[in-house]
There are 2 protein chains.
Amino acid sequence: MIFQDVIIKKRDGYELSPDEIKYFIDNYSAGTLPDYQVASLLMAIFLRGMTGSELAALTHEMLHSGDVMDFSFIDGIKVDKHSTGGVGDKISIPLAPIAASCGVYIPMISGRGLGHTGGTLDKLESIPGFNVNIDTENFKRIVQEQGMCLIGQTKQLAPADRKIYALRDATGTVPSIPLISSSIMSKKLAEGIDALVLDVKCGSGAFMKTVENATELASTLVDIGYRAGKKVTAFITRMDDPLGQAVGNSNEIIESIEILKGRGPSDIRQLTLTLAAEMIFMGNKAESFEDGMKKAEASISDGSALKKFGELITAQHGNAGVIDNYDLMPSYTDTVEVKATKSGYITSINSTEIGMAGIEIGAGRRVVSDKVDHGAGIEVMMKSGDQVNKGDTIAVINHNASSGIENAVARVLNAYVIGDVKIESKPMIIKEIRQG
Amino acid sequence: MIFQDVIIKKRDGYELSPDEIKYFIDNYSAGTLPDYQVASLLMAIFLRGMTGSELAALTHEMLHSGDVMDFSFIDGIKVDKHSTGGVGDKISIPLAPIAASCGVYIPMISGRGLGHTGGTLDKLESIPGFNVNIDTENFKRIVQEQGMCLIGQTKQLAPADRKIYALRDATGTVPSIPLISSSIMSKKLAEGIDALVLDVKCGSGAFMKTVENATELASTLVDIGYRAGKKVTAFITRMDDPLGQAVGNSNEIIESIEILKGRGPSDIRQLTLTLAAEMIFMGNKAESFEDGMKKAEASISDGSALKKFGELITAQHGNAGVIDNYDLMPSYTDTVEVKATKSGYITSINSTEIGMAGIEIGAGRRVVSDKVDHGAGIEVMMKSGDQVNKGDTIAVINHNASSGIENAVARVLNAYVIGDVKIESKPMIIKEIRQG
């Protein structure tokens, strides 16, 4: 096979065969295909798109470029959740214990924060002692014993995706639905799961700004899952304001624990329960989504989800005492209250700017090598639709920083748009996309 | 400047600024831009196209990536010709002496053969002693003294084009009108010319199969010239059958000398005179194209063009005796006559296959490192529209080869399509595209 011919075929809008896609991934993984040829193909894919068959083959080859975990020794359905990323999105943390306490097995592999979005691993690491670097054997054991385990990506999982992602980043080919979809699904399917719930964010704070775009991405992900023989449901959810009140690490863990205690912000609570209900249904632990919702709510009211989170923390070497004593969590030395500069109604909050304000105080990363200050964080006190008077505290910045505070305050102020008319509140769950 | 932003801008269909294009060429030439980023941009250009302003900037930067020749010391208009390539296309060889004998200055830089198309340099080198590797100072001197000189590309001329071309070849981005146009024009304008006549081939044997495509390429080339302040005229000419009768090297030189002697095939004669007439007109040595045609014809009938060719051969260290004695040219030891396998009319000749038959007997190159047998060649005895009887000789293969003959015969037979109906002869010059 001459790889130029593969590039030319895609360039001219034709469908690549499974053999051609296998040749691409095999040879790029092996280092026998130069970056410049792959870069040219990626741009052709960006501009020409990919069919469902092509995406099935691409995802298959990428996921088989490394180890595929085998959880067949556990007699039960393994389910995971993936979110396309938002500000204040700590959903995985209360979600997994809820679903696991209902009997679902959750082998969850998460990421770190970069840019304006935080990462589940960084948040978990704000729990003293919590270890996300667990080898495969112990990961499997903890999933079997606890029903869940949350770790970081290993180099053995879908290595072709990592190599392609780095090239996409350098060649202007990141925001392509086929390339995003195959990247997400190859990593998730390499976990050895049977089913997946997707939280596809949509709105001003998300990568997908319109329902149309979000629907296209969600449908593509669901279809890839279907073609791979996996159950996949996608929820398209609103991402305008930051999720919940806490944006940071330690404070997001505390907010997650509050959810498990039956408290916490209603947007986080609703989204967590919705995704949990679907995971419980998919995991054959409920007869319907509605039944799953009842079981999820019960796991909070009877304390079993909170208990499960404590057991998980202990299993991953963390101090489960944080559940009852938030003072054990990393904290901050200084507080700045950000006050409204005019009266009116909050019309919108730019989540990206709130995330960037978090970076200014060390709660996030500009580049991969940055260290995270787990105690620093922002509390989003007022949300869109709220009435505000000039001088009211709209947000609180908690920090340990010696610099960057002025920038953080400016970004938070910049993020809030205050108008004269009260906006209608919008639903959290926009739509759902199911197989068949 | 972040180069990803440049890629993304083009990817999304926006116009790049002159500064962005300068950054691209400067940094790629300097080796500070990796191949993979340029590959991605080239595919984006392939699929999104380029505006006239972008092409003007790209051509400008590419031509200034190396030396630009300065012929201002010659008081007269410097004119060159470029052809997009055909089989049996020896036009440059009779053309240059005709125009030079009429007083036009022609600093002509030509190429070598690769694949099915031959190269002017290889053809010239079949003249014993003829040297195409002449340094810049002597090139300038010979142009001044003889009115013309024919040499090969130097590494100092438009080096960015050479680097980009190699990457295009590997990344499936060759047949792009913007990339082809900027490549041609950067090399030609680096010759320091004032005017250029373009022979844009169109038809089954050309890269541009339709008049529409050929017109788009021709218009783009003419517009780049206009924006660079140069006079450019393009002729779209037919390239179905091979041009003339001779396909090879030595035999194409002999056919060229025949043209200068007022003989030779009519298609070659007409195309040569047309391009020469325009060059003479552009060079201010005729009052109109028609007047240029009269002067071109006169240069043949009065022997001045043939005399000029002899002087050129001598100036470039060749044996000008070949003009009167073709036996001094490299020759062949064996001849195979290819005979029609059925009776009828010749409907078409696949020029590419005829060119490939030439490669089989060593008259052309498969790869750059191949040696050329200057004596080997094919005589195309019958052309489209000719009536033929089974057993008639349609082509003659003259060779010195010990192998490859059967393949060559098979390719020639395969190239000829013989049908039942006589086809109409088509005009050689399809249209012309002038500035303003």
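Since the model is a prediction, treat every value here as computed from it, not as a measurement.

Calculation criteria
- Residues numbered from 1 in each chain as written.
- Chains lettered and ligands numbered in written order.
- Predicted model: local features only at pLDDT ≥ 70, side-chain atom pairs only at ≥ 80, totals over all residues.
- Heavy atoms only, no water.
- Helix = DSSP H or I, 4+ residues; strand = E, 2+ residues; numbered from the N terminus.
- Rg over C-alpha atoms; globule rule 2.2 N^0.38 Å.
- Buried < 20%, exposed > 50% of the residue type's maximum accessible area, 1.4 Å probe, protein only.
- Contact = heavy atoms within 4.5 Å.
- Domains from an automatic or database assignment.
- Core = buried A, V, L, I, M, F, W, Y, C linked by side-chain atoms within 4.5 Å.
- Buried area = accessible area lost by both parts, 1.4 Å probe.
- Salt bridge = Lys/Arg side-chain N within 4 Å of Asp/Glu carboxyl O.
- Polar contact = N/O pair within 3.5 Å; in protein donor to acceptor, adjacent residues only side chain to side chain.
- Nonpolar A, V, L, I, M, F, W, Y, C, P; charged D, E, K, R; others polar.
- Least-squares fit on C-alpha atoms with pLDDT ≥ 70 in both.
- Pairing = 2+ DSSP bridges.
- Axes fitted to C-alpha atoms, helices over the stretch in contact; angles between N-to-C directions.
- Phe/Tyr/Trp six-rings, centres within 6.5 Å; stacked < 30°, edge-to-face > 60°.
- Lys NZ or Arg CZ within 6 Å of the ring centre and 35° of its normal.
- Disulfide = S-S within 2.5 Å.
- Expected span 1.5 Å × (residues − 1).

A few words now on the overall build of chain A. Helix and strand counts for chain A come out as 16 helices and 13 strands. Scaling as 2.2 N^0.38, a compact globule of 436 residues should have a C-alpha radius of gyration of about 22 Å, and chain A matches this with 22 Å. Dimensions of chain A, computed from C-alpha atoms along their principal axes, come out at roughly 70 × 45 × 40 Å. Taken over 436 residues, chain A has a buried fraction of 56%. Counting only contacts in chain A whose residues sit at least 6 apart along the sequence, the fraction spanning at least 24 positions is 78%.

Turning our eyes to something else, we now look at the domain arrangement of chain A. The domain boundaries assigned to chain A delineate domain 1 (3-49), domain 2 (79-325) and domain 3 (331-419). Here the C-alpha centroids of domain 1 of chain A and domain 3 of chain A sit 44 Å apart.

Now for the nonpolar core. Counting 96 residues, the largest nonpolar core has Phe-24, Met-185 and Val-200 of chain A together with Phe-24, Met-185 and Val-200 of chain B as its most contacted members. Setting aside its immediate chain neighbours within four residues, Phe-24 of chain B contacts Phe-3, Leu-33, Val-38, Leu-41, Leu-58 and Ile-164 of chain B. Residues Leu-124, Ile-127, Val-322 and Ile-354 of chain B belong to the second largest nonpolar core, which totals 78 residues.

In this complex, chain A contributes 22 residues to the contact, which on the side of chain B involves 22 residues. Between chain A and chain B, a total of about 1,700 Å² is buried, with carbon and sulfur atoms accounting for 70% of that surface. Considering only the surface of chain A that becomes buried against chain B, Arg-11, Tyr-36 and Leu-47 of chain A emerge as the three largest contributors, covering 35% of it. For the pair chain A and chain B, the number of links is zero salt bridges. Put simply, chain A and chain B have eight residue pairs in polar contact (both at pLDDT 80 or more) between them. Looking at the side of chain A that touches chain B, the elements that each hand over two or more residues are helix H1 (3-11), helix H3 (35-48) and helix H8 (159-171) of chain A. The element that contributes the greatest number of residues to the side of chain A that touches chain B is H3 of chain A, accounting for ten residues. Among the residues forming the side of chain A that touches chain B, the class breakdown is eleven nonpolar, six polar and five charged.

Look at the two chain copies: a rotation about an axis and a shift along it is all it takes to match them. Screw-axis analysis of chain A against chain B gives a translation of 0.1 Å along the axis, an RMSD of 0.0 Å, and a rotation angle of 180 degrees. Between the two chains, the operation in question is that of a two-fold axis. Of every C-alpha in chain A, the one belonging to Tyr-36 of chain A sits nearest the axis of rotation, 1.8 Å from it. The fraction of interface residues of chain A whose copies in chain B are also interface residues reaches 100%, indicating that both copies meet through the same surface.

What follows is about the sheet that holds strand S10 (residues 387-388) of chain A. Residue and element names in this part refer to chain A. An order of S10-S8-S12 is seen for the three strands of this open sheet, with the pairing classed as antiparallel. Pairing within the sheet leaves two strands with one partner each, and these edge strands are S10 and strand S12 (416-419). Strands strand S8 (344-349) and S12 of the sheet are contacted by helix H16 (residues 405-415), whose axis makes an angle of about 40 degrees with S12.

So, on to the packing of aromatic side chains. Residue and element names in this part refer to chain A. Under the defined criterion, the tally for this structure stands at ten aromatic pairs over all chains. On the basis of an interplanar angle of 75 degrees and a centroid distance of 5.9 Å, the ring pair of Phe-71 and Phe-139 is categorised as edge-to-face. With Phe-71 in the loop between helix H4 (52-63) and strand S1 (79-83) and Phe-139 in helix H7 (residues 136-146), the pair connects residues that are 68 residues apart, well separated along the chain. Across the pair, exposure class does not vary: Phe-71 and Phe-139 are buried alike. Put simply, the rings of Phe-3, Tyr-23 and Phe-24 pair up and form one aromatic cluster. Just above the ring of Tyr-28 sits the side chain of Lys-163; from NZ or CZ to the centre is 4.4 Å.

With respect to the secondary-structure elements, Ser-299 of chain B resides in helix H13 (residues 289-301). Classification of Ser-299 of chain B as buried rests on a relative accessible area of 2%.

Residues and elements named next belong to chain B. Within the open sheet, the four strands sit side by side as S6-S9-S11-S7. Their pairing is antiparallel. Of all the strands in the sheet, the pair left with one neighbour each is strand S6 (246-248) and strand S7 (334-339). Taken over all neighbouring pairs, the strand axes of this sheet differ in orientation by 20 degrees on average, direction set aside. Strand direction decides the pairing type here: S6 and strand S9 (residues 377-380), joined by three bridges, are antiparallel.

Phi angles above zero are rare outside glycine, and Asn-284 of chain A is one such case at about 60 degrees. Turning to its location among the elements, Asn-284 of chain A is positioned in the loop between helix H12 (266-282) and helix H13 (289-301). What makes Asn-284 of chain A exposed here is its relative accessible area of 58%. Phi is positive for Ala-158 of chain B, close to 45 degrees, though the residue is something other than glycine. Along the chain, the position of Ala-158 of chain B falls in the loop between strand S3 (148-152) and helix H8 (159-171).

Moving on to the pattern of salt bridges. In the structure shown here, the tally under the stated rule is 60 salt bridges over all chains. Between Arg-227 of chain A and Asp-223 of chain A there is a salt bridge; the shortest N-O distance is 2.8 Å. Taken together, the residues Arg-227 of chain A and Asp-223 of chain A, both in helix H10 (residues 211-227) and four residues apart, mark about one turn of the helix. Here Glu-278 of chain B ties to Arg-434 of chain B by a salt bridge, and the two come within 2.7 Å at their closest N and O atoms.

Here the focus is helix H15 (residues 351-360) of chain B. Residue pairs spaced three or four apart in an α-helix point in one direction, given the helix's 3.6 residues per turn. Residue and element names in this part refer to chain B. Along H15, nine of the ten residues are buried, which leaves the element largely enclosed by surrounding structure. Inspection of H15 places Ser-351, Glu-353, Ile-354, Gly-355, Met-356, Ala-357, Gly-358, Ile-359 and Glu-360 among the buried residues, and these make up the whole buried set. Looking at the packing, one finds that the buried side of H15 touches S6, strand S8 (344-349), S9, helix H16 (405-415) and strand S12 (416-419). Backbone nitrogen of Thr-352 and a side-chain oxygen of the N-cap are separated by 3.0 Å at the start of H15; the cap is Asn-350. Two residues or fewer after H15 comes Gly-362, characterised by a positive phi angle close to 90 degrees.

A word on the state of the cysteines. Note on terminology: a disulfide is the covalent bond linking the sulfur atoms of two cysteines. Summed over the entire model, instances satisfying the criterion amount to zero disulfides over all chains. A disulfide-free cysteine, Cys-149 of chain A has its sulfur positioned 19 Å from the sulfur of Cys-102 of chain A, the nearest such atom.

Looking now at the pairing of strand S2 (residues 106-110) of chain B. Residues and elements named next belong to chain B. The buried count for S2 comes to five of five residues, which makes it a mostly enclosed element. Of the two faces of S2, the one carrying Ile-106, Met-108 and Ser-110 and the one carrying Pro-107 and Ile-109 are both buried. The pairing of S2 with S3 spans five bridges and is classified as parallel. Paired with Ile-109 across the two strands is Ile-151, which belongs to S3.

Residue and element names in this part refer to chain A. Looking at where Lys-90 falls in the secondary structure, it is placed in the loop between S1 and helix H5 (92-101). A polar contact of 2.6 Å, which involves the side chain of Lys-90, links it to the side chain of Glu-255. Once residues within four sequence positions are removed from consideration, Lys-90 is found in contact with Lys-123, Leu-243, Gly-244, Ala-246, Glu-252, Glu-255, Ser-256 and Ile-268.

Its twelve residues give H4 of chain A an end-to-end C-alpha distance of 16 Å, which sits within 8% of 16 Å, the value for a rise of 1.5 Å per residue. For H4 of chain A, the set of buried residues is Glu-54, Leu-55, Ala-57, Leu-58, Thr-59, Glu-61, Met-62 and Leu-63 of chain A.

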